[in-house]
Amino acid sequence: MPLLGLFLLFVYDPYLRMFAASEAKFSLFMVFAINTVAIPGLSFLILVRSKMVSSIDMAGRKERFLPFGLTLMYYGLTYYLIYGKGVPEIVMSLLIGVMVALVVITLITLKWKVSIHMLGVGGLVGGMMALSQLNGLNYNHIIALIIFMAGLVGTSRLVLKAHEPFEVYLGFVIGLVCEYCALRYEWVI
């Protein structure tokens, strides 16, 4: 989802769309793709193959800590790699929001199994809401589309009996609040 969030920033943020060089956008997109998709995905496959995680579903709460910790480390590495390289603050805030949401959901995992799928989709909604307010532009069409997608994702998690309704809603709300606050209030370290 951070990669999709970055793509949405490139499309919907007027500054990034107009003033960022194509080469810089491509380089940033590749850093995100490698560090937030490829490496975490490969690490997860290694965890499943080595039986450190029972399956791709991570059915048990306790087996989520290691994958979440590794993912947080990779996102932190991404932040470190792009920090001070002239990357706009909104992109840095996007990553901070994702990392805060991941820390929150990891802590909540001590008690409940929260939907990480809904965390991601909620983050997209929150990010687009914040971007709409920051730019004073109406992004209701894309926000509505993402909310519709969230409904599909949430329904699938319930139909598959992967989560209870509370776990689905909680994941969505955590993602939405963390990403909204990070972008709206420009959280940057």
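Predicted, not measured: the structure shown is a model, and the values here were computed from it.

Concerning the overall build of the chain
For step 1, the next point in the chain: Summing up its helical and strand segments, the chain has eight helices and zero strands in all.
For step 2, the next point in the chain: Written out in order from the N terminus, the α and β elements of the chain read α-α-α-α-α-α-α-α.
For step 3, the next point in the chain: The C-alpha radius of gyration computed for the chain amounts to 16 Å, which stays within 12% of the reference 16 Å derived for 189 residues, consistent with globular compactness.
For step 4, the next point in the chain: Along the first, second and third principal axes, the C-alpha set of the chain runs to 45 × 30 × 25 Å.
For step 5, the next point in the chain: Taken across its 189 residues, the chain has 47% of its residues classed as buried.
For step 6, the next point in the chain: Accessible surface, the chain: about 10,000 Å² in total, of which carbon and sulfur atoms supply 71%.
For step 7, the next point in the chain: Mean positive and mean negative side-chain charge positions of the chain (13 and 9 charges, respectively) differ by 9 Å.

Quick word on the environment of glutamate 179
For step 1, the next point in the chain: On the secondary structure map, glutamate 179 appears in helix H8 (residues 165-184).
For step 2, the next point in the chain: Its relative accessible area of 4% is what places glutamate 179 among the buried residues.
For step 3, the next point in the chain: Once the C-alpha coordinates of glutamate 179 and glycine 97 are considered, the two residues, 82 residues apart in sequence, prove to be 4.5 Å apart.
For step 4, the next point in the chain: Here glutamate 179 is in contact with Ser93, Leu94, Gly97, Val98, Gly123, Gly126 and Gly127, once residues within four sequence places are set aside.
For step 5, the next point in the chain: Among the polar contacts listed, one links the side chain of glutamate 179 to the backbone nitrogen of valine 98, at a separation of 3.2 Å.

Cut-offs used in this document
Throughout, residues of each chain are indexed from 1 in the direction in which the sequence is written. Under the rules for a predicted model, residues below a pLDDT of 70 receive no local features and side-chain atom pairs below 80 are neither given nor counted, while totals for whole chains, interfaces and linings still include all residues. To obtain the side-chain values, all non-hydrogen atoms of the structure were included, while hydrogens and water were left out. Numbering goes from the N terminus for both helices and strands, where a helix is a DSSP run of H or I of at least four residues and a strand is a run of E of at least two. Within these notes, the globule rule equals 2.2 Å times the number of residues to the 0.38 power, and the radius of gyration is based on C-alpha atoms. Classification of residues uses two cut-offs on accessible area relative to the type maximum, computed with a 1.4 Å probe and protein chains only: under 20% is buried, over 50% is exposed, and between them is partly exposed. Residue burial considers only the protein chains on display, and all accessible areas are found by Shrake-Rupley using a 1.4 Å probe. Neither His nor the chain ends contribute to the count of charged residues, in which Lys and Arg are positive and Asp and Glu negative. Charge placement uses NZ in Lys and CZ in Arg. For Asp and Glu, CG and CD serve respectively. Residues count as neighbours in contact if any of their non-hydrogen atoms are within 4.5 Å of one another. By the criterion applied in these results, polar contacts are pairs of N or O atoms within 3.5 Å in which, for protein atoms, one can donate a hydrogen and the other can accept it, and in which residues neighboring in sequence qualify only through two side-chain atoms.

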